[in-house]
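# Reading the structure
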Amino acid sequence: MMTLGLSWKSIRHRGFTVALTVISLSLGVALLLGVERMRSEAREGFTNTISGTDLIVGARTGDVSLLLSSVFRIGNATQNISWETYEKISKNPQVAWTIPLSLGDSHKGYRVLGTSAEYFDHYRYGRKQALEMAEGVRFADTYDAVLGAEVARKLGYQISDEIVLAHGSGDVSFVEHTDKPFRVVGVLKATGTPVDRAVHVSLEGIEAVHVGWDGSGDHDGHDHSNCNHPAHDHGDHETGMDRLAAIESTLAGEDPNSLEPETITAFLVGMHSRVDAVFLQRSINTYKGEALSAVMPGVALQELWQVVGVVETTLLVISLFVLGVSLAGMLSSLLASLNERRREMAILRSVGARPVHILSLIVVESILLTTASIAAGIALLYGMLLVARPVVLEKTGLQLGFGMLSSWELILIGLVMLVGLLVGLVPAWLCYRRSLSDGLTVRV
Amino acid sequence: MNEPSSNVDAVPAIVLDSLRYAWSDVMSPDLVINDLQVRSGDRWFIEGASGSGKSTLLGLLSGVLAPQKGGVTVLGKRFDDMGGAERDRFRADHIGYIFQMFNLIPYLSVIENVTLPLRFSKRRRKRVSDPDKEARRLLEHLGMGKLAERKVTKLSVGQQQRVAAARALIGSPELILADEPTSALDEGHSEGFVKLLFDECKTAGSTLVFVSHDSRLAGLFDQSFRLEGGHP
């Protein structure tokens with residue numbers, strides 16, 4: 001205790017150099033914690049891109065590519081699945097709900113997702129959060145569109161704006177369904193998932209656009225290399241006009257079921273009981289009627305994260321190095337201070353300080369420095385979060401948590417504290433040895 | 001050489017007996033003292049040029065060094081029976097020490113410097129009812145009353161030595177060891193300082209061992225002793 005007061009006064013006396021040490025160490029701490037928080041949020045956000053869904057079903061393909069095409073809307077599914085199969089599986093008594101997904105069109109670089117009302121009822125992300133409307137309503141009419149938060153924000157769309165869908169998924173598509181504009185009826189709240197980057201329309205809407213397109217007779221004029229639209233069946237030309245007629249009757253409110261698609265890209269399945277998912281998965285994977293794949297989103301997400309996760313590990317290594325450098329900085333400044341403090345140590349020895357007091361003087365100093373740096377680092381972290389949160393959310397859709405320190409972060413802080421203490425032991429031990437050999441000889 | 005002093009006590013302050021100390025095994029001993037007794041309350045002058053084993057003797061008397069052969073007995077306690085930590089505690093309780101220069105810790109105030117030994121010794125702390133008041137009283141006696149609030153780095157060498165004397169004296173330790181405390185002072189100030197030190201030692205009842213190469217001061221002391229090349 002008597003050395004605590006002395007340590008503190010000594011630190012204050014060397015205020016400037018000590019402040020530099022604390023600043024550099026606190027930057028290291030803040031960086032480490034910041035990177036860790038980004039890492040865990042990114043991982044959490046990633047693995048919670050979709051939740052509450054027990055199975056994703058699509059045409060036979062790999063787990064990751066099905067996940068990428070259906071949930072992340074990256075790349076295209078090579079095959080579609082038939083509507084009959086979808087209906088058959090959704091009627092399985094163990095299945096609670098299904099959400100059909102039909103992909104293939106885009107709007108100004110954003111994917112268009114054809115789906116049903118179940119999407120808004122059952123789709124979950126994060127910690128089983130449901131989709132919420134920021135404004136407007138769900139789509140009800142064939143030409144209604146509900147925008148993801150990012151689409152609305154980036155393109156500046158408002159309710160009742162008209163948008164034109166383009167064929168294929170390229171950023172710049174020259175083939176637009178200009179004859180069938182959609183009307184924005186709703187905008188979803190931001191989710192930090194690919195949902196934000198989608199334009200949602202009804203399956204009927206997708207059908208209507210393509211039937212109309214096919215019906216125009218100009219079919220061979222556009223390139224199909226970049227699209228695989230379920231409704232875009234090339235063997236179906238002769239029925240085009242019939243279907244157009246069907247749409248018109250639907251629009252007139254005559255027959256709501258006539259716009260049933262023939263194929264969809266994939267669908268999501270929610271089970272009554274989670275346990276049944278394994279059995280359904282097995283039977284879908286071995287389904288004789290069509291080559292299907294069913295994957296559990298959690299498993300596929302983990303698999304995908306292992307690929308993406310290399311980046312986060314690199315980040316962690318870099319921030320650990322930065323912390324190591326700042327700890328080395330503390331070590332060198334403690335060592336440098338020892339020479340100027342030799343006199344101080346001899347004086348303390350002369351008034352009866354034992355070598356262990358001298359040892360504790362340095363150890364206490366390094367503990368105080370590390371503690372101060374950690375406190376400053378945490379303050380800095382929250383300061384940075386406060387500033388960076390909106391920017392990161394806008395640029396990446398990553399929702400940085402502003403909450404309390406997680407137990408993992410506390411463990412990291414504890415480790416920094418421990419390493420700080422160990423670093424302090426080096427000069428403390430040197431000083432101890434020196435004070436034994438110097439005794440009361442004052443060396444300046 | 002051992003003339004009786006005014007203050008005769010049963011236990012001698014220091015007894016050195018067939019003392020040998022060598023910094024390295026292969027060399028001949030740096031310090032050899034066959035027999036030396038310092039009676040309690042005496043004021044001793046130990047004269048020695050640099051390299052005469054002065055620092056070694058002070059290290060042994062303060063208990064920082066342990067003798068390799070022979071005995072060092074301070075206030076009736078044999079140092080060679082005690083461990084390092086025990087000698088450190090003994091020093092804290094019973095010995096006041098004044099360095100040649102740079103006596104003060106720059107980040108402490110004058111008063112904090114003076115009261116520093118009380119942090120390490122309960123015994124000395126108990127003898128002082130109010131540390132700050134006692135520090136001021138000592139500083140006052142040493143002519144430093146007005147400078148108690150000044151930053152230690154702003155004090156002259158002579159003023160610093162007087163603060164160091166106050167620190168050595170606080171809590172009335174039985175033995176004051178002074179390592180060339182006047183070497184940085186000019187002649188007039190040296191004598192003044194020695195006399196102040198005498199007065200305070202008398203008040204506190206402390207024995208004074210004053211080591212210096214300046215033989216002109218020897219006449220002021222009760223006893224003197226000469227170290228020469230480690231062999232008196």
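Details of the structure are given in the entry above.
Parameters at a glance
- Residues numbered from 1 in each chain as written.
- Chains lettered and ligands numbered in written order.
- Predicted model: local features only at pLDDT ≥ 70, side-chain atom pairs only at ≥ 80, totals over all residues.
- Heavy atoms only, no water.
- Buried < 20%, exposed > 50% of the residue type's maximum accessible area, 1.4 Å probe, protein only.
- Helix = DSSP H or I, 4+ residues; strand = E, 2+ residues; numbered from the N terminus.
- Pairing = 2+ DSSP bridges.
- Patch = residues over 30% accessible without salt bridge, like charges linked within 9 Å, V, L, I, M, F, W, Y side chains within 5 Å.
- Areas by Shrake-Rupley, 256 points an atom, 1.4 Å probe, with all protein chains shown as cover.
- Salt bridge = Lys/Arg side-chain N within 4 Å of Asp/Glu carboxyl O.
- Axes fitted to C-alpha atoms, helices over the stretch in contact; angles between N-to-C directions.
- Left-handed = near helix turned anticlockwise from the far one by under 90°.
- Contact = heavy atoms within 4.5 Å.
- Buried area = accessible area lost by both parts, 1.4 Å probe.
- Polar contact = N/O pair within 3.5 Å; in protein donor to acceptor, adjacent residues only side chain to side chain.
- Nonpolar A, V, L, I, M, F, W, Y, C, P; charged D, E, K, R; others polar.
- Phe/Tyr/Trp six-rings, centres within 6.5 Å; stacked < 30°, edge-to-face > 60°.

### Points about the pairing of strand β9 (residues 223–226) of chain B
Across a regular strand the side chains alternate sides, sitting on one face of the sheet and then on the other. Residue and element names in this part refer to chain B. The alternating pattern of β9 places Q223 and F225 on a buried face and S224 and R226 on a face that is not buried. Pairing of strand β3 (residues 43–47) with β9 involves 4 bridges; the strand directions are parallel. In the sheet register, F45 faces β9, and the bridge partner there is S224.

### Regarding a nonpolar patch on the surface
Residues and elements named next belong to chain A. Among the surface-exposed residues, F16, L20, I23, L27, L380 and M384 lie close enough to one another that they form a single nonpolar patch of about 590 Å² accessible area. Looking at the nonpolar patch, the elements with two or more residues in it are α2 (15–47) and α12 (355–396). If you tally residues by element for the nonpolar patch, the top one is α2, at 4 residues. F16 gets classed as exposed once you look at its relative accessible area, which sits at 66%.

### Digging into the packing of helix α3 (residues 110–120) of chain B against helix α6 (residues 157–169) of chain B
Residues and elements named next belong to chain B. The interhelical angle for the contact between α3 and α6, taken along N-to-C directions, is 35 degrees, at an axis separation of 7 Å. The handedness of the crossing between α3 and α6 is right-handed. Contact residues: α3 offers V110, N113, V114, L116 and P117, while α6 offers V163, A166 and R167.

### Digging into the environment of L425 of chain A
Residue and element names in this part refer to chain A. Positionally, L425 belongs in helix α13 (residues 407–438). Judged by relative accessible area, which is 36%, L425 ranks as partly exposed. It is 9.5 Å that separates the C-alpha atoms of L425 and L331, two residues lying 94 residues apart in sequence.

### Some thoughts on helix α1 (residues 54–62) of chain B
Residues and elements named next belong to chain B. Counting buried positions along α1 gives 8 out of 9 residues, so the element sits mostly inside the fold. Those residues of α1 lying buried are K54, T56, L57, L58, G59, L60, L61 and S62. One or two residues past the end of α1 sits G63, with phi positive at roughly 85 degrees.

### A short note on unusual backbone geometry
Residue and element names in this part refer to chain A. With a phi close to 50 degrees, K108 is a non-glycine residue in the positive phi region. Secondary-structure assignment places K108 in the loop between β3 (95–107) and β4 (110–115). When its relative accessible area of 53% is taken as the criterion, K108 is described as exposed. One non-glycine residue with positive phi stands out, namely S160, at about 75 degrees. With respect to the element layout, S160 can be found in the loop between α6 (149–155) and β9 (162–163). Judged by relative accessible area, S160 falls into the partly exposed class, the value being 41%.

### Comments concerning the sheet that holds strand β2 (residues 31–38) of chain B
Adjacent strands of a sheet pair through backbone hydrogen bonds, lying either parallel or antiparallel. All names here are of chain B. If you trace the 4 strands from one edge of the open sheet to the other, you get β2-β1-β4-β5, paired in antiparallel fashion. Strand pairing shows two members of the sheet lacking a second neighbour, β2 and β5 (77–78), which therefore form its edges. Examined bridge by bridge, strand β4 (residues 69–74) and β5 share 2 bridges and lie antiparallel to one another. In the strand pairing of β5, T73 is matched with R78.

### Regarding the interface of chain A and chain B
Across the contact, 22 residues belong to chain A and 22 residues belong to chain B. Roughly 2,300 Å² is buried in total at the junction of chain A and chain B, and carbon and sulfur atoms are behind 67% of that figure. Linking chain A to chain B there are 2 salt bridges. Here E112 of chain B ties to K9 of chain A by a salt bridge, and the two come within 2.4 Å at their closest N and O atoms. The tally of links from chain A across to chain B stands at 4 residue pairs in polar contact (both at pLDDT 80 or more). Of all the secondary-structure elements, those providing two or more residues to the side of chain A that touches chain B are α1 (2–13), α11 (342–350) and α12 of chain A. At 7 residues, the largest contribution of residues to the side of chain A that touches chain B is made by α11 of chain A. A per-class count over the side of chain A that touches chain B returns 11 nonpolar, 6 polar and 5 charged.

### Description of the side chain of E150 of chain A
Residue and element names in this part refer to chain A. With respect to the helices, strands and loops of the structure, E150 is situated in helix α6. E150 sits in the buried class, given a relative accessible area of 15%. Among residues more than four places away in sequence, those in contact with E150 are Y110, L155, D196 and R197.

### Thoughts on the packing of aromatic side chains
Residues and elements named next belong to chain A. What the rule picks out here adds up to 13 aromatic pairs over all chains. Ring geometry for Y119 against Y123: centres 5.0 Å apart, planes inclined by 35 degrees, an arrangement best described as tilted. For Y119, a relative accessible area of 0% gives the class buried. Taking relative accessible area as the criterion, Y123 reaches 2% and is therefore assigned buried. A connected cluster of aromatic rings, assembled from ring pairs, spans Y119, F120, Y123 and F139.

### Digging into the pattern of salt bridges
Residue and element names in this part refer to chain B. Applying the stated criterion to the full structure yields 24 salt bridges over all chains. We note a salt bridge from E180 to K54, for which the minimum N-O separation is 2.3 Å. Of this pair, E180 sits in the loop between β7 (175–179) and α7 (187–204) while K54 sits in helix α1, and the two are 126 residues apart along the sequence. A salt bridge links E134 to R137; the shortest N-O distance between them is 3.1 Å.

### Thoughts on the sheet that holds β9 of chain B
Residues and elements named next belong to chain B. Spatially, 5 strands are ordered β6-β7-β8-β3-β9 in an open sheet, and the strand pairing comes out parallel. The open sheet has two free edges, formed respectively by β6 (95–98) and β9, since each of these has just one partner strand. Strand-to-strand twist across the sheet, computed as the mean angle between neighbouring axes with direction ignored, equals 15 degrees. Where β7 and strand β8 (residues 207–212) come together, 5 bridges link them in parallel fashion. Bridge pairing links A178 to F210 in β8. Packed onto the sheet, helix α2 (residues 84–94) meets β6 and β7 and runs at close to 85 degrees relative to β6. Here α6 sits on the sheet in contact with β6 and β7, set at roughly 170 degrees to β6.

### Quick notes on the environment of E260 of chain A
Residues and elements named next belong to chain A. The topology assignment puts E260 in the loop between α8 (240–251) and β13 (263–264). Given the relative accessible area of 36%, E260 is considered partly exposed. Once the C-alpha coordinates of E260 and W83 are considered, the two residues, 177 residues apart in sequence, prove to be 8.1 Å apart.

### Looking at the environment of V199 of chain A
Residues and elements named next belong to chain A. One can find V199 in strand β12 (residues 198–202). Taking C-alpha positions, V199 is 9.5 Å from D105, a pair spaced 94 residues apart along the chain. Ignoring anything within four residues of it in the chain, the contact list for V199 reads H107, Y110, R111, V112, L113, A145, V146, L147, V151 and I163.

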